[in-house]
Amino acid sequence: MKSGKIKNYFAGGNTTKGFYSLFSYLPQNMEKIYIIKGGPGTGKSTFMKKIGKDAVERGYDIEKHWCSSDNESLDGLVIPELKTAILDGTAPHTVDPVNPGAVDEIINLGIYWDSDYLEEYRTEIINLNEEISRNFKKTYYYLKLAKMINDEIEDYLKEGYCPLIASKTAEQLIDEIIPVDSILESGTERHLLGSGITPSGYINYFDNLTEDIDNRYLVRGKPGCGKSKLMKKIARTCQERGYFVTYLHCAFNPEKIDAVIINKLNTALINDTWPHTVKEKRENDNIINMMNTIDNDVLARNLDEINESRELLNKFMEKAFTQLNKAKLNHDELEKYYVEAMDFTGVENRRQKLLDNIMNNVNLDVLLPHQN
């Protein structure tokens, strides 16, 4: 039996707008949603990882939605073919049932902990939670400062920005990407994160998410040259022509787009500018240089200020990463108390029960392809 494929995303992000969640798009079009409740260290991520591993071994493709505050932990698992999603329903991405019982089901791992043990360390747990909150407050403070500097860089370039060139570039790409005979019904969309600001630095999954896409357009240029506007315009036009579009928001400023994927057109556009560069370049990648929209004289006149601002931006980002690391270390300490209090045998039994339930509900039409 052929193993399933894995696509990697981030469920939410540490951004210039604070914690930014796109959790509502994880279970899009799912018929069964399981919401896991429980404290840190109760095994939520491991619970999902094991089910994901079982699904892949049985031939099902899965989506792993990682935690931006701990990039080795899962916040969500989606098995599209089985129309099933499993979500971490705890803060900061609190999720509650919309259709309890019929669609959504809560899995409470809190029933497997020793409350008396946790009560014994009540003060330590409260203090660690308060320290983690301070760490994240400082993280978002430095990210907001970094955005102010980034906005300044954009302003320098906007002085020489030519919207006519940008519009012409977009129209040429639209003609190249979208077939003339496209259907005219409006297409749908999904919004996710393909990158994240994490304790391990900036991480992106663009190579993984476009590994099956043949036509990749790598969009390059400094802040303010219109990369996000270009991708949004092309994506909106694709939707108007009837195509489903996946929007991957920017991990730094989620109001912007870092990539769009149109599977039916076998096409993706990706912001290929540091720090979210594509690692595995291909010979047939199409390079779109958006610096062509910027007047060279304006760029030369402001280049020193741009470079100085870039250095300052990097310093604020380093401070944000430092605070994220501190939050991660404090979170690891917090988890130790819950790990000691947990009955993981009970958790594993519950996981196996859920796996059996998911697989036993697979109908014949879904099951047959995996028996070839």
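Refer to the preceding data block for the structure.
Residues numbered from 1 in each chain as written. Predicted model: local features only at pLDDT ≥ 70, side-chain atom pairs only at ≥ 80, totals over all residues. Heavy atoms only, no water.

Check the secondary structure of the protein and you find nine helices and 16 strands. Its C-alpha radius of gyration of 23 Å places the protein within 12% of the 21 Å reference for a compact globule of 372 residues. Considered along the principal axes of its C-alpha atoms, the protein spans approximately 70 × 55 × 35 Å. Scored against the burial criterion, the 372 residues of the protein give a buried share of 54%. Across the protein, the fraction of contacts at a sequence separation of at least 24, relative to all contacts at a separation of at least 6, is 81%. For the protein, the distance from the average position of its 46 positive side-chain charges to the average position of its 57 negative side-chain charges is 2 Å. (Helix = DSSP H or I, 4+ residues; strand = E, 2+ residues; numbered from the N terminus. Rg over C-alpha atoms; globule rule 2.2 N^0.38 Å. Buried < 20%, exposed > 50% of the residue type's maximum accessible area, 1.4 Å probe, protein only. Contact = heavy atoms within 4.5 Å. Lys, Arg positive; Asp, Glu negative; His and termini not counted. Charge placed at Lys NZ, Arg CZ, Asp CG, Glu CD.)

It is worth spelling out the packing of aromatic side chains at this point. Counting across every chain of the model gives six aromatic pairs. Here the aromatic cluster, defined as three or more aromatic residues joined through ring pairs, consists of Y117, Y121 and Y337. (Phe/Tyr/Trp six-rings, centres within 6.5 Å; stacked < 30°, edge-to-face > 60°.)

Once that is clear, we can look at the packing of helix α1 (residues 44–57) against helix α8 (residues 344–360). It is the contact of α1 with α8, at a shortest axis distance of 10 Å, that shows an interaxial angle of 40°. For the pair α1 and α8, the crossing hand works out as right-handed. Touching F47, K50, I51, D54 and A55 of α1 are V347, E348, R350, R351, L354, L355, I358 and M359, all from α8. Classifying every residue of the contact of α1 with α8 by side-chain character gives eight nonpolar, no polar and five charged. (Axes fitted to C-alpha atoms, helices over the stretch in contact; angles between N-to-C directions. Left-handed = near helix turned anticlockwise from the far one by under 90°. Nonpolar A, V, L, I, M, F, W, Y, C, P; charged D, E, K, R; others polar.)

Quick look at α8 now. Residues three or four positions apart in an α-helix share a direction because the helix packs 3.6 residues into each turn. With 17 residues, α8 ought to run about 24 Å at 1.5 Å a step, and its terminal C-alpha atoms sit 24 Å apart, in line with that. Among the residues making up α8, those that are buried are G346, V347, R350, R351, L354, L355, I358 and M359. Looking at the buried residues of α8, the elements they touch are β4 (32–37), α1, β7 (84–88) and β8 (104–108). (Expected span 1.5 Å × (residues − 1).)

Taken together, the side chains of E152, D155, D304, E305, E308 and E311 make up a negatively charged region of the molecular surface. Looking at the negative patch, the elements that each hand over two or more residues are α3 (122–158) and α7 (296–341). Looking at which element gives the most residues to the negative patch, the answer is α7, with four residues. Mapped onto the secondary structure, E311 falls in helix α7. (Patch = residues over 30% accessible without salt bridge, like charges linked within 9 Å, V, L, I, M, F, W, Y side chains within 5 Å. Areas by Shrake-Rupley, 256 points an atom, 1.4 Å probe, with all protein chains shown as cover. Salt bridge = Lys/Arg side-chain N within 4 Å of Asp/Glu carboxyl O.)

Turning our attention to the nonpolar core. Ranked by size, the top nonpolar core spans 57 residues in total, and within it V260 and L269 carry the most contacts. Broken down by secondary-structure element, the contributors of at least two residues to this core are α3, α4 (163–177), β12 (215–220), α6 (227–240), β13 (245–249), β14 (257–262) and α7. Sequence-distant contacts of L269, defined by excluding residues within four places in its chain, comprise I177, Y217, V219, M231, I234, D258, A259, V260 and I262. Counting 50 residues, the second-largest nonpolar core is a separate cluster that includes Y34, I35, I36 and L192. (Core = buried A, V, L, I, M, F, W, Y, C linked by side-chain atoms within 4.5 Å.)

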